[in-house]
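Structural features, examined
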Amino acid sequence: MLTAAFIVVVSLALFWMAAFTLWWQMHAWRTPEVLAATRFRRPDGEAQLSFSLLVPARHEQAVLEHTVARLLRSAHSDYEILVIVGHDDPETAEVAERAAARAPERVRVITDTHEKKNKPKALNTALPHCRGDVVGVFDAEDQVHPELLAHVDHAFRTTAADVVQGGVQLINFHSSWYSLRNCLEYFFWFRSRLHLHAQKGFIPLGGNTVFVRTDVLRQAGGWDQDCLAEDCDLGVRLSSEGRKVVVAYDPRMVTREETPGTLLALLKQRTRWNQGFLQVYRKRDWRRLPGLGQRMLARYTLMTPFLQAFSGVIIPVNVLAAIFLDVPVGVAVFTFLPLLTATVTVVFEVVGLHDFGVQYGLRVRFVHYLKLILGGPFYQVLLAGAAVRAVWREQRGRNEWELTRHVGAHLGREDVLR
């Protein structure tokens, strides 16, 4: 009897978890009006804000020069670029200094002298040097659209926002079976789910293409140097202070990036993100959110690593128990409830992949749809493994920063040749 009750409870829990995830993924596509509202509004041509663009770069000599060159193409009239390099990274520093020498009126190099390096420490090192009204963050491999700053400027002025989160999109979906799913994850996250979070008043910000008013950022104390998900932490703290966050996703304006080059790199990246979410949950800043619904959303979002780890362990146990143990047929049927939402999710992902290809002018072939469907279970195992590893690391107090290296896999041939 207890086994049967356990199977029913677990199956219902997995069903509702999958249903909530699917609902959030579909948020932006509810109506044409909602979808249209997720985009940037057309700028009025009046640039009034100045920008300090931070580019932390560690062992990024392969991609940094291209990123700075793209930022220098900005159509906005008032911005500076602060490239942050470590004192122990001469190869990246050489590329940064070369870029600064070419455009000294725009580019400055800031040296991070912390003994132990990580992204939030680098960002905090540069924050006192920022002269702009707004601080923007980009990663060292980013492809940034020249008109992005003009759109962000307009968004700040017309919405009275404290924070503007732009879109980020992994683009090299053809590189491997997992990169396809990785790209689609970003598509759903920035295209849809972050808009829901902003609407609800609780948002874990993305790691780059995020813009914060400089005075607001300084009042918040910058980034948490000990957090492995400093972007999520900043979003939670600003949400708890009642700051207004505007999210905009326009396929033409998104910042393009590449997926991790290997499965191990992806596993380590997801471990870091998951562990960072757990750290933010334990800090409990989210408890200062005014609404019960906001706090429940925060709790559920930040506990995602626990839920993924639980799912990765319990799903096979639940299925095996239903098959091999003597339980009533009606109880066994409950084990297939998660399969129902999983099937609907796969259908939605197929449609999403088609839309992704259309939006970015990419040719999505039959083999890509096949890889999407067949790779789903293996990708979930990887995510569950990263979640389990994150929980294990957090419990053991291991919080060293595992760096994700980039090689420019998202760049077109014409970009590489320049």
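Structure shown above.
Because the structure is a prediction, the values reported are computed rather than measured.

**Details of the packing of aromatic side chains**
The full count for this structure, using the stated rule, is 18 aromatic pairs. The interplanar angle of 25° and the centroid separation of 6.2 Å between the aromatic rings of Phe20 and Trp24 together place this pair among those described as stacked. Note that Phe20 and Trp24 are positioned in helix α1 (residues 2–25) at a spacing of four residues, about one turn of the helix. For Phe20, a relative accessible area of 40% gives the class partly exposed. On the basis of relative accessibility, which here comes to 6%, the residue Trp24 falls in the buried class. Plain terms: the ring middles of Trp24 and Tyr300 are 5.4 Å apart, the flat faces sit at 75° to each other, and that makes the pair edge-to-face. Here Tyr300 lies in helix α11 (residues 292–302) and Trp24 lies in helix α1, a separation of 276 residues in the sequence. Overall, the relative accessible area of 22% leaves Tyr300 in the partly exposed class. The lysine or arginine in question, Arg106, covers the ring of Tyr79, its NZ or CZ lying 4.1 Å from the ring centre.

**A word on the pairing of strand β3 (residues 107–112)**
Alignment of strand β2 (residues 79–86) against β3, held across six bridges, turns out to be parallel. By the bridge assignment, Leu82 is partnered in β3 with Arg108. With respect to chirality, the unit in which β2 leads through helix α4 (residues 90–102) into the neighbouring parallel β3 is right-handed.

**Remarks on the state of the cysteines**
Inspection of every chain in the model, using the stated rule, returns zero disulfides. You can see Cys232 has no disulfide; the closest cysteine sulfur is in Cys227, sitting 6.8 Å from it. Note on Cys232: relative accessible area 1%, which makes it buried.

**Overview of helix α5 (residues 119–126)**
Residues three or four positions apart in an α-helix share a direction because the helix packs 3.6 residues into each turn. The element α5 is extensively covered by neighbouring structure, given that eight of its eight residues are classed as buried. Contact partners of the buried residues in α5: β1 (51–56), β2, β3, β4 (134–137) and α9 (230–240). Among the residues of α5, the N-terminal cap falls to Asn118, whose side-chain oxygen and the backbone nitrogen of Lys121 are separated by 2.8 Å.

**Focus: the side chain of Asp142**
Mapped onto the elements, Asp142 comes out in the loop between β4 and α6 (148–159). Despite being buried, Asp142 has no salt bridge partner; Lys119 is the closest side chain of opposite charge, sitting 7.5 Å away. Among the polar contacts listed, one links the side chain of Asp142 to the backbone nitrogen of Asp139, at a separation of 2.7 Å.

**So, the nonpolar core**
One finds Leu54, Val212, Trp223, Leu353 and Phe356 to be the most contacted residues of the largest nonpolar core, which totals 46 residues. By residue number, the principal contributor to this core is helix α7 (residues 177–200), which donates eight residues. With residues near it in sequence (within four places) discarded, Phe356 still touches Gln169, Leu170, Ile171, Phe173, Cys183, Leu184, Phe187 and Leu362. If you look at the next biggest cluster of nonpolar residues, it comprises 35 residues, including Val55, Ile81, Ala103 and Val144.

The rules behind the values
Residues numbered from 1 in each chain as written. Predicted model: local features only at pLDDT ≥ 70, side-chain atom pairs only at ≥ 80, totals over all residues. Heavy atoms only, no water. Phe/Tyr/Trp six-rings, centres within 6.5 Å; stacked < 30°, edge-to-face > 60°. Helix = DSSP H or I, 4+ residues; strand = E, 2+ residues; numbered from the N terminus. Buried < 20%, exposed > 50% of the residue type's maximum accessible area, 1.4 Å probe, protein only. Lys NZ or Arg CZ within 6 Å of the ring centre and 35° of its normal. Pairing = 2+ DSSP bridges. Right-handed = clockwise from strand over helix to strand, strands pointing away. Disulfide = S-S within 2.5 Å. Contact = heavy atoms within 4.5 Å. Polar contact = N/O pair within 3.5 Å; in protein donor to acceptor, adjacent residues only side chain to side chain. Lys, Arg positive; Asp, Glu negative; His and termini not counted. Salt bridge = Lys/Arg side-chain N within 4 Å of Asp/Glu carboxyl O. Core = buried A, V, L, I, M, F, W, Y, C linked by side-chain atoms within 4.5 Å.

Don't take any of this as a statement about function, it's just geometry.
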